[in-house]
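What the coordinates show
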Amino acid sequence: THRVLLKAMKAAVLIQRWYRQYAARMEMRRRYTWNIFQSMEYADLQDQIKLYNFLGYLMDNFTPSSSERNLISHIFRENEVCRDAEWERYFSYTNIDVPDIYSGPRLTFPLDMDQAADLVEAFKNKQQLHSRYVLQLLLETWKLLRVLPNINRVSTCHSKEITICGDLHGQLEDLLLIFYKNGMPSLEKPYVFNGDYVDRGKDSMEILLILFAFLLVFPGDVYLNRGNHEDHIINLRYGFTKEVLNKYKLHGKRILKLLQKIFSWLPLVTVIDQRVLIVHGGISDTTDLALIARVDRHRYVSSLRPPKKKTPSRTNVYADSERYVEMIICKNRGGSLTFPKPFDARESFQRRSLQDFSSTVARTLEEEFEVRRRQAEFSLSSFSKSHRILSSALSSDSEPESSEFTDTGNDEWKQILDLLWSDPMSHKGCIPNEVRGGGCYWGPDVTEDFLNRHSLQLIIRSHECKQDGYEFCHNRKVLTIFSASNYYEVGSNRGAFIRLGPDLVPYFVQYQATRMTRGLSFPQNVKRTEHTALKVLREQLFVHKSDLLSAFQEIDKENTGLICLNDWASAIERVLHLDLPWRVLHPQLVSSTTDGKLDYHGWFRDLALKKPSSEHIEQTMLETLYRHRSTLETIFRIVDTDNSGLITFEDFRQTLKLLSAYLKMEISDEVINELVISTDTNNDGSIDIDEFMEAFRLVDKSRLERGKSLLKLMQDNQRGHDEVFSVFKNHPQRCREEFTSPKKQLLHCLNILLLKQVK
């Protein structure tokens, strides 16, 4: 008995040890998969901010008459707001007729709870709201938001609890599931939605319309904070602009313009019971709620655009990048893009962040800032009032551009940028957020100081995807809530929302909106998301092939075609800058090695990706276009001023010139002409943006082969069907006479075909 018991204990210890090792491996896979997704997301976000900084600098330095400036100037007219009455005429919906065949919801104003619920049901059934009602609903929302303060004040005394939701990112399934689990907004069920309603998902417009409808019905019980994606510059890249234009082709431009105004009027912060602060991104060591309460928030249509000082010398916030831009500005042509010589290294500009630029201004104007602050402190009470008087006194059709903001406005901009873009970090202090390119990282000491100064006990924020849908940090004084489940991939994360009662203790509800994930185990979910993450990563490695080959060959001095794994990992990080554990990932990315050495030429062949089918363009150019396809599409969307999805050849040429200046590489006129010829398939003299982007898509070779096999099978089947019908057609009477049933007729025809095959 003793021996049996001893064997059983040893077996149990072995099983336990094996299980712990297995769980550790699964957790490692889960973590590096998550790191891949986040690194790719933040790298793309950095690219968007760098592009916007670059275009902003060009705007400040090109002459007004230059063609390049005309192409991009419209996205910087952030404050071209006419008087409210003129805007309301521009957004008028009364001349839009609703046809009798329209079967979607019909809205009458003021809205009531039944209409809001009907809207939810209609969107659940994939119906679309007519553009007349869209404009009417948005216009009513804009009127309401204009009377709301920057900081919403909410109390739990009138209800048992308040529900707080994080990022939704166009995922209507998540919002519907929240309403199913928690109930729709009502007098007894107040909600706070914490920004990032749009982009990435396919139903951003429907989410906005639902939330705005409930805001109009229950203005004292539904609260909407602004997120960093409520910004038309971000929307150009991450899908919301494209979604609106696809769904509302006729009136999409007006809808987008009105949404820009609405986004700029969304409140910035919500405070519950004077104890809990809800903000989309976070805080910094300079965040001041008193200043935030006074900001004219609607002036910051894009939080990415810093205001400039109004001086004759026009001190520029992009001064650090002057040397870079001088290389692409030809002085004697008034600032046109030319390519007099190959470009030098550009890291000094490309890796700069918004925070870098703002700190540069702060350093160069430090003394003047101090004077301004003292003046502001002396007249705080009259600041907001005088600003409104100044705005209303303007006699021109447009408000002053951002160049007419004072340095106080610059301080306001940094406050808003921090609120919408910042992230918490584990160590003390406050540093620029280099990962995102905007806002800051703030530590637990900054949280403690902020809470003490404002007599608060908890900060609830969103902005970051969390695997469980929520996460505490900073001694449980900062809580991140994220409501978009399956954000990176089906099974990648849960969504969550918070119920907060009068005791201000958060209660979490987690969910996954996709049924596919509910029957999967944890290992199955990890495997599924890991597969997608590695596929995306292999794609990135493949499109950086030229740069990686150069890096490998620099290490491989003797040109053996072999490098060790340490050199392989360090070379990849130098090229991609993704901050990933490449040594840990190598078993997933490298199929075989010889004596610890990697055949890097064979490795590229093993990535199983096929190049785009534009063989007349050199490989380096194809890699560049594909690698920066999101940036290229963003520039296309900017250049497409009428939002038609089509641009002229000349605008296409200017688009590629802008891209080449941004990437600091020359794209010759010959290459541009070849691209035009290959892309304009219907010879109508214009370029279709979506078709052009599709032409530079990489394909998984194994999937391509499977697709070809399937296509061949379908074609063979189709030929068989055609021949069967031919037999029926040529011998109709005989088929009817000899074979009374359709089944016998079909068998007879197949027999005839079979005999033909044998002969």
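Residues numbered from 1 in each chain as written. Predicted model: local features only at pLDDT ≥ 70, side-chain atom pairs only at ≥ 80, totals over all residues. Heavy atoms only, no water.

Describing the sheet that holds strand β9 (residues 423–424)
Strand order in this open sheet of three strands is β9-β11-β10, and the pairing throughout is mixed. What marks the edges here is a single partner per strand, and that holds for β9 and β10 (430–432). By the bridge criterion, three bridges tie β10 to strand β11 (residues 440–442) in an arrangement that is antiparallel. Bridge pairing links Ile 431 to Tyr 441 in β11. (Pairing = 2+ DSSP bridges. Helix = DSSP H or I, 4+ residues; strand = E, 2+ residues; numbered from the N terminus.)

Comments concerning the nonpolar core
Within the largest apolar cluster, 66 residues are counted, with the highest numbers of intra-cluster contacts made by Leu 55, Val 269, Leu 277, Phe 652 and Leu 656. If you tally residues by element for this core, the top one is helix α1 (residues 2–61), at eight residues. Two domains each put at least three residues into this core: domain 1 (93–307 + 411–511) and domain 3 (619–756). Sequence-distant contacts of Phe 652, that is, excluding residues within four places in its chain, are made with Phe 636, Ile 647, Ile 672, Leu 675, Val 676, Ile 687 and Phe 692. Core analysis: the second largest hydrophobic core is formed by 64 residues, Leu 107, Val 134, Trp 142 and Leu 145 among them. (Core = buried A, V, L, I, M, F, W, Y, C linked by side-chain atoms within 4.5 Å. Buried < 20%, exposed > 50% of the residue type's maximum accessible area, 1.4 Å probe, protein only. Domains from an automatic or database assignment. Contact = heavy atoms within 4.5 Å.)

Let's talk about unusual backbone geometry
With omega at 5°, the peptide bond leading from Phe 109 into Pro 110 counts as cis. Along the chain, Pro 110 turns up in the loop between α3 (84–90) and α4 (113–124). Although it is not a glycine, Ser 455 sits at a positive phi angle of roughly 55°. Turning to its location among the elements, Ser 455 is positioned in the loop between α18 (444–453) and β12 (458–461). Positive phi, close to 55°, is recorded for Asp 579, a residue that is not glycine. Along the chain, Asp 579 turns up in the loop between α21 (565–576) and α22 (582–589).

Here's the deal with α21
The terminal C-alpha atoms of α21, which comprises twelve residues, lie 16 Å apart, in line with the 16 Å expected from a rise of 1.5 Å per residue. Regarding α21, the residues found buried are Leu 565, Trp 568, Ala 569, Ala 571, Ile 572 and Leu 576. Each buried residue of α21 sits inside an arc of 165° when the element is viewed along its axis, so together they form one side. With its phi angle positive at about 55°, His 577 sits one or two positions after the end of α21. (Expected span 1.5 Å × (residues − 1). Arc of directions from axis to C-beta.)

Section: empty space enclosed by the protein
Across all of its chains, the model carries seven cavities of 30 Å³ or more by this definition. Approximately 80 Å³ is the volume attributed to the largest cavity. Class assignment for the residues of the lining of the largest cavity results in five nonpolar, four polar and six charged. (1 Å grid on protein atoms, 1.4 Å probe; cavity = no way out; pocket = protein on both sides within 12 Å on 5 of 7 lines; lining within 4 Å. Points joined across faces, edges and corners; volume = space filled by probe spheres on them. Nonpolar A, V, L, I, M, F, W, Y, C, P; charged D, E, K, R; others polar.)

What to know about the UniProt feature "domain: EF-hand" (unreviewed entry) in the protein chain
The positions UniProt marks with the feature "domain: EF-hand" (unreviewed entry) are residues 543–578, 627–662 and 667–702. With 67% helix and 8% strand, the stretch residues 543–578 has end C-alpha atoms that lie 15 Å from each other. Across residues 627–662, helical content stands at 72% and strand content at 8%; the span's end C-alpha atoms are separated by 13 Å. (UniProt positions renumbered as here; feature names shortened; annotations may be inferred.)

Quick look at the packing of aromatic side chains
This structure, assessed with the given rule, holds 22 aromatic pairs. Centroid distance Trp 18 to Tyr 22: 5.4 Å. Interplanar angle 10°. Geometry classified as stacked. In this pair, Trp 18 and Tyr 22 both sit in helix α1, four residues apart, roughly one turn of the helix. Here Phe 552 and Trp 603 contribute two aromatic rings whose centre-to-centre distance is 6.1 Å and whose plane-to-plane angle is 65°, an arrangement assigned as edge-to-face. Of the two residues, Phe 552 sits in helix α20 (residues 545–555) while Trp 603 sits in helix α23 (residues 600–606), which places them 51 residues apart along the sequence. Overall, the relative accessible area of 0% leaves Phe 552 in the buried class. Its relative accessible area of 2% is what places Trp 603 among the buried residues. (Phe/Tyr/Trp six-rings, centres within 6.5 Å; stacked < 30°, edge-to-face > 60°.)

Comments concerning the sheet that holds strand β1 (residues 151–154)
With mixed pairing, the six strands of this open sheet are ordered in space as β1-β5-β6-β12-β14-β13. If you trace the sheet from one side to the other, it starts and ends with β1 and β13 (470–473), each paired once. Averaged over neighbouring strand pairs, the angle between their axes works out to 20° when direction is ignored. Packed onto the sheet, α18 meets β6 (276–279), β12 and β14 (478–481) and runs at close to 115° relative to β12. (Axes fitted to C-alpha atoms, helices over the stretch in contact; angles between N-to-C directions.)

As for the environment of Asp 503
Structurally, Asp 503 can be placed in the loop between β15 (495–500) and β16 (506–511). Remark: the alpha-carbon pair of Asp 503 and Glu 161, spanning 342 residues in sequence, is separated by 9.3 Å.

Looking at the environment of Thr 655
Relative to the elements of secondary structure, Thr 655 occurs in helix α26 (residues 649–663). Here the alpha-carbon distance between Thr 655 and Leu 71, two residues 584 residues apart in the chain, equals 8.6 Å. Not counting residues up to four positions away in its chain, the partners in contact with Thr 655 are Leu 632, Ile 635, Phe 636, Val 639 and Ile 647.

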